[in-house]
Amino acid sequence: MSPRPVLRFAPSPNGELHLGHALSALIGFDMARRLGGRFLVRIEDIDTTRCREEYVTGIFEDLTWLGVTWEEPVLRQSEHFTTYSAASDWLLKLGLLYPCFATRSEISEATETAPTALDPDGTPLYPGLHKQLPKEEIATRLARNEPFALRLHMDRALDALEGITGSRLVTFAELGEDGIARRVEMNPADWGDAVIVRKDVPASYHLAVTVDDGRQGVTHVTRGRDLYAATSLHRLLQVVLGLPEPVYHHHRLLTDEAGRKLAKSEGDTSLRELRETGVDALRLRRRLGLSSDAAEASVQNPS
Ligand code: GLU
């Protein structure tokens, strides 16, 4: 018997949720219902300086208003740093990470002098400043308590990937809007020596999301198309960490009249404001182009 599907909505509480989040949460929730699966909410709050408790409370209020129900307890990433450290220790042991003490300005100065290709997010690839630091220098800097990030040694990670799968590319099943899954092939090298453990917290988005999807048994990752390219890095980490491979569905993004993606940082109308002005959740579903069946079912049978 195949295991019961597990889906999740994984917001970061660094601002109020907007319509784009409502679309994402509802797409995941509806798919969980259609598949007879479980639905989880995960609070992605590793960025302890930007995340705020009031936003966490707001997320639960917004989701309840949307008619979304989820399993308790909710995993909060800030409570699981030791789990991410265990994963990064393992990657270190495999020789796939190295410390990088370089500051942001040292890195940007280096890429201004000798430009590197851009990663899929448009950031210049890490120019390798601290890739070959002698052991003694690493020891001296560590003894001085200099802050450092841990970066993926991409070449070695690709060697490890090839050793396990026979290829330096990753593949995954992407569920299209038509509900058909297609196998996609991607090149994780596009990300270069990505940061796996940040300087300020013992994790990074890429590490925490991969570890958590794995240990929570998430079978279907539903999230916006803005994270499509990051999936190559997540698949690479899954393979080298021995984590299972989920199916992915990267859904459409909502844009404003100017074609910009909605973003909390740009002050797009928050769900709280919509809620407070009396918009009802079923109308919101229709506005988002979603069927109202799942909402009606959850309104009639609150679980
Ligand atoms: N926490 C991420 C965000 O709020 C989403 C992570 C994911 O779905 O993989 O953008």
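Before any of the text, the structure's been laid out above.
Everything numeric in this text was worked out from a predicted model, so none of it was measured.

## Some details on the overall build of the protein chain
Turning to step 1, where the next piece is worked out: The helix and strand inventory of the protein chain stands at eleven helices and ten strands.
Turning to step 2, where the next piece is worked out: Projected onto the principal axes, the alpha-carbon positions of the protein chain cover approximately 65 × 45 × 35 Å.
Turning to step 3, where the next piece is worked out: Evaluated residue by residue, the protein chain yields a buried proportion of 50% over its 303 residues.
Turning to step 4, where the next piece is worked out: Put simply, 76% of the contacts in the protein chain that link residues at least 6 apart link residues at least 24 apart.

## Re helix α3 (residues 81–93)
Turning to step 1, where the next piece is worked out: An ideal rise of 1.5 Å per residue puts 18 Å on 13 residues; α3 measures up with 18 Å between its terminal C-alpha atoms.
Turning to step 2, where the next piece is worked out: Taken as a whole, α3 has its buried residues at Phe81, Tyr84, Ala87, Ser88 and Leu91. Along the long axis of α3, the arc covered by the buried residues comes to 125°, so they all point the same way. Exposed and facing more than 90 degrees away from the buried side of α3 are Thr82 and Lys93.
Turning to step 3, where the next piece is worked out: Taken together, the buried residues of α3 touch β3 (75–76), β4 (97–100), β8 (195–197), α7 (205–215) and α8 (230–241).

## Topic: the site of the ligand
Turning to step 1, where the next piece is worked out: Taken together, the residues surrounding the ligand are Arg8, Ala10, Pro11, Ser12, Glu44, Tyr205, Val209, Arg223 and Leu227.
Turning to step 2, where the next piece is worked out: In this structure, Tyr205 approaches the ligand through a side-chain N or O atom, which is 3.0 Å from an oxygen atom.
Turning to step 3, where the next piece is worked out: Relative to its unbound accessible area of 300 Å², the ligand is 78% covered by the protein chains.
Turning to step 4, where the next piece is worked out: Across the shell around the ligand, the residue classes break down as five nonpolar, one polar and three charged.

## Observations concerning the sheet that holds strand β5 (residues 149–152)
Turning to step 1, where the next piece is worked out: Spatially, the three strands line up as an open sheet ordered β4-β5-β8, and their pairing is antiparallel. The sheet is open, and its two borders are formed by β4 and β8, each paired with just one other strand. Between one strand and the next, the sheet's axes are offset by a mean angle of 45°, whatever the strand orientation.

## Looking at the packing of α3 against α7
Two measures define how a pair of helices packs: the angle their axes make with one another and the distance between the axes.
Turning to step 1, where the next piece is worked out: Orientation of α3 relative to α7, taken along the N-to-C sense of each, is 105°, at an axis distance of 10 Å. In terms of their interaxial angle, α3 and α7 are classed as roughly perpendicular. In this structure, α3 uses Thr83, Tyr84, Ala87, Ser88 and Leu91 to contact α7, whose residues at the interface are Leu207, Ala208, Val211, Asp212 and Arg215.
Turning to step 2, where the next piece is worked out: The class makeup of the residues in the contact of α3 with α7 is six nonpolar, two polar and two charged.

## A few points about helix α2 (residues 53–66)
Turning to step 1, where the next piece is worked out: Between its first and last C-alpha, α2 extends 20 Å over 14 residues, near the 20 Å set by a 1.5 Å rise per residue.
Turning to step 2, where the next piece is worked out: For α2, the full list of buried residues reads Tyr55, Val56, Gly58, Ile59, Asp62, Leu63, Trp65 and Leu66.
Turning to step 3, where the next piece is worked out: In the core, the buried residues of α2 are packed alongside β1 (6–9), α1 (19–35), β2 (38–43), β3, α9 (271–276) and α10 (281–287).
Turning to step 4, where the next piece is worked out: Just downstream of α2 lies Gly67, where phi reads positive at about 85°.

Parameters at a glance
- Residues numbered from 1 in each chain as written.
- Predicted model: local features only at pLDDT ≥ 70, side-chain atom pairs only at ≥ 80, totals over all residues.
- Heavy atoms only, no water.
- Helix = DSSP H or I, 4+ residues; strand = E, 2+ residues; numbered from the N terminus.
- Buried < 20%, exposed > 50% of the residue type's maximum accessible area, 1.4 Å probe, protein only.
- Contact = heavy atoms within 4.5 Å.
- Expected span 1.5 Å × (residues − 1).
- Arc of directions from axis to C-beta.
- Near = heavy atom within 4 Å.
- Polar contact = N/O pair within 3.5 Å; in protein donor to acceptor, adjacent residues only side chain to side chain.
- Areas by Shrake-Rupley, 256 points an atom, 1.4 Å probe, with all protein chains shown as cover.
- Nonpolar A, V, L, I, M, F, W, Y, C, P; charged D, E, K, R; others polar.
- Pairing = 2+ DSSP bridges.
- Axes fitted to C-alpha atoms, helices over the stretch in contact; angles between N-to-C directions.
- Parallel < 35°, antiparallel > 145°, perpendicular 65-115°, else oblique.

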